[in-house]
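# A structural walkthrough
What follows is the residue order along each chain.
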Amino acid sequence: MEVKARAPGKIILAGEHAVVHGSTAVAASVDLYTTASVRLPSSSDKGDHDLVKLQLKDLALEFSWPISRIKEALGVFVGAISTPTSCPAECLKSIVSLVEDQNIPEAKIGLASGVSAFLWLCSSILGFVAVDVAITSELPLGSGLGSSAAFCVSLSAALLALSGSVNIDREHRGWMVYKEDELDLLNKWAFEGEKIIHGKPSGIDNTVSTYGSMIKFKSGSLTLIKSSMPLKMLITNTKVGRNTKALVAGVSERTIRHPDAMNLVFNAVNSISNELSILIQSPVHGEVSLTEKEEKLVELMEMNQGLLQCMGVSHASIETVLRTSLKYKLVSKLTGAGGGGCVLTLLPNLLSGKVVDEVVAELVSCGFECFIAGIGGKGAEISFGDSS
Ligand SMILES: Nc1ncnc2c1ncn2[C@@H]1O[C@H](COP(=O)(O)OP(=O)(O)OP(=O)(O)O)[C@@H](O)[C@H]1O
Ligand SMILES: C[C@@](O)(CCO)CC(=O)[O-]
Ligand SMILES: [Mg+2]
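Residues numbered from 1 in each chain as written. Chains lettered and ligands numbered in written order. Predicted model: local features only at pLDDT ≥ 70, side-chain atom pairs only at ≥ 80, totals over all residues. Heavy atoms only, no water.

On a plain count of helices and strands, the protein chain comes out with 11 helices and 12 strands. For 388 residues, the compact-globule formula gives about 21 Å, and the C-alpha radius of gyration of the protein chain, at 21 Å, lands near that figure. Counting contacts in the protein chain only where the partners sit at least 6 residues apart, residues at least 24 apart contribute 76% of the total. Of the roughly 16,300 Å² of accessible surface on the protein chain, a fraction of 54% belongs to carbon and sulfur atoms. (Helix = DSSP H or I, 4+ residues; strand = E, 2+ residues; numbered from the N terminus. Rg over C-alpha atoms; globule rule 2.2 N^0.38 Å. Contact = heavy atoms within 4.5 Å. Areas by Shrake-Rupley, 256 points an atom, 1.4 Å probe, with all protein chains shown as cover.)

Turning our attention to the coordination of the magnesium ion (ligand 3). For a metal with four donors in a tetrahedral arrangement, the ideal angle between donors is 109.5 degrees, while six donors in an octahedron ideally sit at 90 or 180 degrees. Every protein donor of the magnesium ion (ligand 3) is listed here as S148 (OG) and H198 (NE2), and their distances to the metal cover 2.1 to 2.2 Å. Pair noted here: S148 is in helix α4 (residues 147-163) and H198 is in helix α5 (residues 180-198), with a separation of 50 residues, a long-range link. Residue S148 is classed as buried on the basis of its relative accessible area of 13%. (Donors = N, O, S within 2.8 Å, 3.2 Å for Na, K, Ca; no water. Buried < 20%, exposed > 50% of the residue type's maximum accessible area, 1.4 Å probe, protein only.)

We now examine the nonpolar core. The biggest cluster of nonpolar side chains holds 61 residues, and the ones touching the most others in it are W65, F118, W120, Y178 and I382. Here F118 is in contact with V52, K53, L54, W65, V133, F151 and L155, once residues within four sequence places are set aside. Core analysis: the next-biggest nonpolar cluster, separate from the first, contains 54 residues, I11, L290, V331 and F368 among them. (Core = buried A, V, L, I, M, F, W, Y, C linked by side-chain atoms within 4.5 Å.)

Take the site of ligand 2 next. Neighbouring ligand 2 are 14 residues, the closest being K10, H17, P201, S202 and D205. At 3.5 Å from an oxygen atom of ligand 2 is found a side-chain nitrogen or oxygen belonging to H198. A distance of 2.6 Å is found between an oxygen atom of ligand 2 and a side-chain nitrogen or oxygen belonging to D205. The fraction of the free accessible surface of ligand 2 (300 Å²) that becomes covered by protein chains is 99%. Elements supplying a minimum of two residues to the shell around ligand 2: β1 (2-14) and α6 (204-211). Residues of the shell around ligand 2, tallied by class, amount to 7 nonpolar, 4 polar and 3 charged. (Near = heavy atom within 4 Å. Polar contact = N/O pair within 3.5 Å; in protein donor to acceptor, adjacent residues only side chain to side chain. Nonpolar A, V, L, I, M, F, W, Y, C, P; charged D, E, K, R; others polar.)

Here we take up the packing of aromatic side chains. As enumerated under the stated definition, the model contains 1 aromatic pair in all. Ring centres 6.2 Å apart and planes at 25° place the aromatic pair W65 and F118 in the stacked group. Taken together, the positions of W65 in strand β4 (residues 61-66) and F118 in helix α3 (residues 111-126) put the pair 53 residues apart, joining distant regions of the chain. For the cation-ring pair, R6 lies above Y33, with the distance from its terminal atom to the ring centre recorded as 4.8 Å. (Phe/Tyr/Trp six-rings, centres within 6.5 Å; stacked < 30°, edge-to-face > 60°. Lys NZ or Arg CZ within 6 Å of the ring centre and 35° of its normal.)

Next comes the structure, spelled out in structure tokens:
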């Protein structure tokens, strides 16, 4: 039996990092997906019926463990748990040793946390059974577009579909969406995977990947929102690698050193996110009103970027994108954890295509990659049998 699940990445319009410390943030899904195909091999599949296998297709990597090895390492901690549960520290140690068995090449060692999250989700949701999982992704990994969340959401969605713990029409062909209670369950499992990858996630990335659309998020709760103005964002990937867990930990350490100052920074971000959410939802009355709203949005993005610099998560490559876009009177802010990764630039409604081409050409000449993705679309979906 085989099931596929796909889950989108995201951009954060305002509030990254501060959201980990209780501030409001605003995020939207992007139409770039991670897909997990999960198959339970039958006893006639020679050699595979006693293995747990993970294939990362885009990276041409494959990992596998005999079920007996996983059971021996994790048996005391897990086995088809019906409610989303955090991986205990002792269990994580055993998972790390299972991952070490696989000798991941040093250049790709960042994948170890994703493989660990896989082992926790797979053995907790399905128990100790042979399974063949293949992952493909349209998202750049570790670049601020929520690749870790899309990985955890797509994987958990497919595993839940096979576990029998969700009510779903297995005869339906094509993509379908879980019902609300099941989406909540999926989101909670994905959050447990994110904890293994991010350390201390706020939950915003897995939430927007699960539900899609655009959300306002604060202290674990979401409000779906809808922008009344077109939001065209140029996404520039600086291609500077970074790791969200380390950046989140760095902000927490700065907060311990300067609690009063940092709490004021987080409060300022909270106000920016709330103002941004009201601004984008309020009605637009003609072109003048749209231009005015864009000017306010640009100012909020600029202020948020300044506060992210205060938190210590900007980077020389991000500053280059800011300076380059500013030459064309365009404003940018980092998105996601920063430290490199992706930057958003608002493309106002009346901006000419010629200017967009020029700014893109200059950013590309710096070695960056630029693209425009659709935002605020679908969340997680699953499919049994053939789908495209
Ligand atoms: N398709 C995938 N296959 C395997 N592992 C993945 C995949 N996507 C993400 N990961 C795991 O997530 C890690 C990247 O997560 P990280 O949180 O650092 O970046 P991100 O999620 O892309 O950005 P942000 O958290 O800022 O939005 C990878 O190093 C890997 O461990
Ligand atoms: C940096 C952060 O705020 C967003 C990463 O996309 C971390 C989190 O909220 O889990
Ligand atoms: Mg992440």
